[in-house]
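One-letter residues, chain by chain:
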Amino acid sequence: MILHVVQYSAVQDNALATCLRYIQPQDTLLLIGDGVNALLLRKWQQALHDTKVCLLEQDVEARGLQARLGQYQQLSQAEFVQYSLTHAKVITW
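Residues numbered from 1 in each chain as written. Predicted model: local features only at pLDDT ≥ 70, side-chain atom pairs only at ≥ 80, totals over all residues. Heavy atoms only, no water.

**Q** Just checking my understanding: could you explain the overall build of the protein chain for this structure?
**A** When you go through the protein chain residue by residue, the secondary structure sums to four helices and five strands. Secondary structure elements in the protein chain, listed N-terminal to C-terminal, are β-α-β-α-β-α-β-α-β. Expected size for 93 residues packed as a compact globule is a radius of gyration near 12 Å; at 12 Å, the protein chain falls within 12% of this value. Taking the principal axes of the C-alpha coordinates as reference, the protein chain spans close to 30 × 30 × 20 Å. (Helix = DSSP H or I, 4+ residues; strand = E, 2+ residues; numbered from the N terminus. Rg over C-alpha atoms; globule rule 2.2 N^0.38 Å.)

**Q** I'm lost on the sheet that holds strand 1 (residues 2–6) in this one. Help?
**A** Backbone hydrogen bonds hold the strands of a sheet together, and the pairing may be parallel or antiparallel. Pairing is parallel across the open sheet formed by five strands, whose spatial order is 4-3-2-1-5. The sheet is open, and its two borders are formed by strand 4 (73–75) and strand 5 (89–92), each paired with just one other strand. Pairwise comparison of adjacent strand axes, ignoring direction, gives a mean angle of 30° for this sheet. Where strand 3 (residues 52–56) and strand 4 come together, three bridges link them in parallel fashion. Within strand 4, the residue paired with C54 across the bridge is Q73. Its contacts with the sheet place helix 1 (residues 15–22) against strand 1 and strand 2 (28–31), and it is angled at close to 165° to strand 1. Contacts from helix 4 (residues 77–86) reach strand 1, strand 2, strand 3, strand 4 and strand 5, with the element oriented near 95° to strand 4. (Pairing = 2+ DSSP bridges. Axes fitted to C-alpha atoms, helices over the stretch in contact; angles between N-to-C directions. Contact = heavy atoms within 4.5 Å.)

**Q** Would you take a moment to explain the nonpolar core for this structure?
**A** Across soluble globular proteins, you tend to see nonpolar side chains buried next to one another. Ranked by size, the top nonpolar core spans 19 residues in total, and within it L16, L29, L31, L39, V53, L55 and L69 carry the most contacts. Residue contributions to this core peak at three residues, all from helix 1. The contact partners of L55, leaving out residues within four places of it in the chain, are L30, L31, V36, L39, V60, L69, Y72, Q73, Q74 and L75. Within the second largest apolar cluster, nine residues are counted, among which are L3, I32, C54 and F80. (Core = buried A, V, L, I, M, F, W, Y, C linked by side-chain atoms within 4.5 Å. Buried < 20%, exposed > 50% of the residue type's maximum accessible area, 1.4 Å probe, protein only.)

Shown next as structure tokens:
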């Protein structure tokens, strides 16, 4: 079980697209920083439909996207640390 962390905008970087080539059904995707913006685009909403997706709560709040991204699980910093410890591996894209 791998925690994949994507921190860059899918519009300006190919990290999310690359990550999706390697992610497995049991893995988790955590979007942080500008990575949370990917879920504003229908293309990425559809591509991530069958993926366990979490967002870093402080990054969603910093961008004022709570209402638009409220359907996704949001993690506090402490929960992010817990996820890092409970997954066998963490890969940052």
